[in-house]
Amino acid sequence: MSAQSPRRGQWGSQIGFILAAAGSAVGLGNIWRFPYMAGQNGGGAFVLVYLVCVLVIALPVMFLEISLGRATHRNPVGAIKAVAPRSLWRLLGYLALLTGLGILSYYSVIAGKVLTYCALYVRKLVLGEGIVYSGATVEVVIYFALFLILTVLVVSGGVQRGIERWTKILMPLLVVIMGAIIVRSLLLPGAMAGVKWFVTPDFSKITPRVILNAMSQGFFSLSLGMGAMLTYGSYLSRKDSIVTCGTSVVLFDTVIAILAGFMIFPAVFALGGDPAAGSTLIFQVLPKVFGGMEGGAVVGIVFFFLLCVAALTSTVSLLEVVTAYFVDERRWSRRRSVWTIGAAAFIVGLPSAFDLAGITPWTSITILGKHGFLEAMDFLWGNLSLAIGSLLLCVFAIAVWGLKNAASEIEIGSPGFVRFRAVWIFFIRWICPALIGVILVSKLVS
Ligand code: PHE
């Protein structure tokens, strides 16, 4: 089961995996989606529920996903087939692929918008033009396509050459520039109201909807529930520690999300914005912050550029999951796989791009109670699908793979895990599936 075919790559080192997995985790989920969700779901209350969900649900699931990947050395469908040949469980693998494509489609539209802002700040610096986001249809579609092409090019380069090197230098830089923006944001008059709103939980705001959104945000931000960590784990060697890797990724990702909150909300309150503005929140707030800043254009360029890179290391992982399936199971060449899936993501993403460009009926469509095509896609794939995928993964591990097998896989390379083994098994057997199930059902019936 674990024989590694020679055609598969492997990370150069454990740090290679951590960088790539952190690259997958850190992205628009932290900087665009986390503030937008926190803003719509009660601020401090959301943050608290989010942190609890990450610790109690996402961290155990993270170990599980990586271990299934490393144990089988396969993509999501292949991993399930390796454990349970010819069973219907492989549908869970297909759900993962579909979710990957679904997220990739609208995520690249938002990433295209980030790229547009990057270009706008370059023009401001070079030509002295003002920052006006036109949102014209051609522009939105072109930048969306451009971003997808970038993703395709990186993934076609293969696991190590493509993914590992991007993260090494640019991630730490992102943290530095965020630090600078936070300082600026906190110095604005009236900023403290935003800080207070972000850190003080108002318990009356905690509803089933808030809890579902917080839990799903945890899966989204940590790239869980659709096989990204599984696929990256499949390139990990038995010498490496799943515990160290998983924990580092969770820590790093959570810190970045919280930093994003401190970057956005003080400014929202100081400059009189609406925290519940939705998916356009960061694009409303940040240009105002940069506008009032000495050297704001340079900060704008650097920030939006780094955000592009962070988004790129995430879309790369989304595309890599689906690619690994076609390469491993269908024997397609890497090139053919990436271009075909990229084209599919473009077609599926077009309505989201039209929504962003303000074209009816895409802006006025209501699906699953969500207004506008893009937010509906985000709810369907980014919220529901990831939660369902994570739940089914737990059930699969309990009923088919065996939690003892999973725990033993984690133990290889992490001898210290012995002490937590029983606790981890208890969480995956009872706590995680029960909580995910109850949260999903209580939201859907409420
Ligand atoms: N975690 C990524 C982010 O925060 C998005 C993502 C979700 C990537 C699911 C892969 C899988 O931006």
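Please refer to the structure placed before this passage.
Our subject in this report is the structure included herewith. As the structure is a computational prediction, the values presented were derived from the model and not from experiment.

1. A look at the site of the ligand
Taken together, 14 residues lie around the ligand, and Ala 25, Gly 29, Tyr 107, Phe 220 and Ser 223 are the ones closest in. Measuring from a nitrogen atom of the ligand, one finds a backbone N or O atom of Ser 24 at 3.2 Å. Within the backbone of Ser 221, one N or O atom sits 3.1 Å away from a nitrogen atom of the ligand. Its free accessible area being 320 Å², the ligand has 100% of it covered by the protein chains. More than half of the atoms belonging to the ligand lie within 2 Å of the grid points that define the largest cavity. Breaking the shell around the ligand down by element, the ones donating at least two residues are α1 (14-25), α2 (28-40), α9 (208-221) and α13 (296-329).

2. Focus on helix α6 (residues 137-156)
Under the 1.5 Å per step criterion, the end-to-end length of α6 is 28 Å for 20 residues, consistent within 8% with the ideal 28 Å. Looking at α6, one finds that the buried residues are Val 140, Val 141, Phe 144, Phe 147, Leu 148, Thr 151, Val 152, Val 154 and Val 155. Two residues or fewer after α6 comes Gly 158, characterised by a positive phi angle close to 95°.

3. As for the side chain of Ser 385
In this fold, Ser 385 is placed in helix α15 (residues 373-401). Taking the relative accessible area as the measure of exposure, Ser 385 reaches 7% and is therefore buried. Here Thr 99 takes part through its side chain, which lies 3.1 Å from a polar atom of the side chain of Ser 385. Once you skip the residues sitting within four places of it in the chain, Ser 385 turns out to touch Leu 95, Thr 99, Gly 225 and Leu 380.

4. Description of the state of the cysteines
According to the stated counting rule, one finds zero disulfides in the structure shown. Cys 308 takes part in no disulfide bond, and the closest cysteine sulfur to it belongs to Cys 118, at a distance of 5.1 Å. Of all cysteine sulfurs, the one in Cys 394 lies closest to Cys 432, which takes part in no disulfide; the gap is 5.2 Å.

5. Re the environment of Phe 63
Along the chain, Phe 63 falls in helix α3 (residues 44-72). With a relative accessible area of 8%, Phe 63 lands in the buried category.

6. Considerations on empty space enclosed by the protein
A full pass over the atoms with the stated rule returns two cavities of 30 Å³ or more. Counted as a void, the largest cavity has a volume near 140 Å³. Lining the largest cavity are 17 residues, with Ser 24, Tyr 107, Phe 220, Ser 223 and Leu 318 sitting closest to its centre. Those elements that place two or more of their residues in the lining of the largest cavity are α1, α5 (90-127), α9 and α13. Tallied by class, the residues present in the lining of the largest cavity amount to 10 nonpolar, seven polar and no charged. Its boundaries defined by the atoms lining it, the second largest cavity holds a volume of some 110 Å³. Lining the second largest cavity are 13 residues, with Leu 92, Ala 96, Gly 227, Leu 230 and Leu 393 sitting closest to its centre.

7. Focus: the pattern of salt bridges
Under the defined criterion, the tally for this structure stands at eight salt bridges. With a shortest N-O distance of 3.4 Å, Glu 329 and Lys 81 are connected by a salt bridge. With a gap of 248 residues between them, Glu 329 in helix α13 and Lys 81 in helix α4 (residues 76-83) connect regions that are remote in the sequence. What makes Glu 329 partly exposed here is its relative accessible area of 25%. Judged by relative accessible area, Lys 81 falls into the partly exposed class, the value being 31%.

8. Considerations on the environment of Met 229
Mapped onto the fold, Met 229 is located in helix α10 (residues 228-233). Residue Met 229 is classed as buried on the basis of its relative accessible area, which comes to 0%. Through-space distance from the C-alpha of Met 229 to that of Leu 68 is 9.4 Å; in sequence the pair is 161 residues apart. Met 229 has contacts with Ala 21, Ser 24, Ala 25, Met 62, Glu 65, Ile 66, Leu 222, Ser 223, Leu 224 and Val 249, leaving out every residue within four places of it along the chain.

Procedures and definitions
- Residues numbered from 1 in each chain as written.
- Predicted model: local features only at pLDDT ≥ 70, side-chain atom pairs only at ≥ 80, totals over all residues.
- Heavy atoms only, no water.
- Near = heavy atom within 4 Å.
- Polar contact = N/O pair within 3.5 Å; in protein donor to acceptor, adjacent residues only side chain to side chain.
- Areas by Shrake-Rupley, 256 points an atom, 1.4 Å probe, with all protein chains shown as cover.
- 1 Å grid on protein atoms, 1.4 Å probe; cavity = no way out; pocket = protein on both sides within 12 Å on 5 of 7 lines; lining within 4 Å.
- Sits in = over half its atoms within 2 Å of the grid points.
- Helix = DSSP H or I, 4+ residues; strand = E, 2+ residues; numbered from the N terminus.
- Expected span 1.5 Å × (residues − 1).
- Buried < 20%, exposed > 50% of the residue type's maximum accessible area, 1.4 Å probe, protein only.
- Contact = heavy atoms within 4.5 Å.
- Disulfide = S-S within 2.5 Å.
- Points joined across faces, edges and corners; volume = space filled by probe spheres on them.
- Nonpolar A, V, L, I, M, F, W, Y, C, P; charged D, E, K, R; others polar.
- Salt bridge = Lys/Arg side-chain N within 4 Å of Asp/Glu carboxyl O.

No statement about biological role is implied by the geometric values presented.
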